[in-house]
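Geometric and topological summary
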Amino acid sequence: MQAQFSETVEDIPNELSHAGAVIDKAIEYLSEQDIPPIAIASALLGGSLGLLARTMSDEAILQVLANAAHSVRNGELRDDVAQGRA
């Protein structure tokens, strides 16, 4: 089974919003089941990496991870949490 992806950049914000809402509900559900946050996050990260591996080159995945590490180092994730965006 091959995943279907957006053909245009314009579709990405709507698709990202929809995907984000589904993930937020999944996190909420798992949290209500008393699953530890590290288990939820690890499962989501593992699934995300698996999806990236099926759809991107290793070099592109490394760039995504480098961008994520950069955001952590710059405190951007903590800023999002503090402002209620994460």
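From a predicted model like this one, the values you see are computed outputs, not experimental measurements. (Residues numbered from 1 in each chain as written. Predicted model: local features only at pLDDT ≥ 70, side-chain atom pairs only at ≥ 80, totals over all residues. Heavy atoms only, no water.)

So, on to the overall build of the chain. For the chain, the count of helices and strands is 4 helices and 0 strands. Scanning the chain from its N terminus toward the C terminus, one meets helices and strands in the order α-α-α-α. Relative to its full complement of 86 residues, the chain shows a buried share of 6%. Here the chain has roughly 7300 Å² of accessible surface; of this, 59% comes from carbon and sulfur atoms. (Helix = DSSP H or I, 4+ residues; strand = E, 2+ residues; numbered from the N terminus. Buried < 20%, exposed > 50% of the residue type's maximum accessible area, 1.4 Å probe, protein only. Areas by Shrake-Rupley, 256 points an atom, 1.4 Å probe, with all protein chains shown as cover.)

This prediction gives the chain a mean pLDDT of 86; 79% of its residues lie at or above 70. Put simply, helix H4 (residues 76-82) is where the chain has its lowest mean pLDDT, 75, and helix H2 (residues 37-55) is where it has its highest, 97. (pLDDT = per-residue confidence, 0-100.)

Helix length check: helix H3 (residues 58-73), at 16 residues, gives a terminal C-alpha distance of 22 Å against a target of 22 Å (1.5 Å per residue), a fit within 8%. Phi turns positive, to about 75°, at Gly75, one or two residues after H3. (Expected span 1.5 Å × (residues − 1).)

Moving on to unusual backbone geometry. Here the phi dihedral of Asp34 falls at roughly 60°; this positive angle occurs in a residue that is not glycine. Structurally, Asp34 can be placed in the loop between helix H1 (11-32) and H2.

Running from amino to carboxyl end, H2 crosses H3 at an angle of 145°, the nearest separation of the two axes being 9 Å. Contacts between H2 and H3 involve Leu49, Leu52 and Ala53 from the first element and Ile61, Val64 and Leu65 from the second. Residues that form the contact of H2 with H3 fall into these classes: 6 nonpolar, no polar and no charged. (Axes fitted to C-alpha atoms, helices over the stretch in contact; angles between N-to-C directions. Contact = heavy atoms within 4.5 Å. Nonpolar A, V, L, I, M, F, W, Y, C, P; charged D, E, K, R; others polar.)

To continue, consider the side chain of Ser71. Topologically, Ser71 is positioned in helix H3. A relative accessible area of 19% places Ser71 in the buried class. Beyond its immediate chain neighbours, meaning those up to four positions away, Ser71 contacts Glu76 and Leu77.

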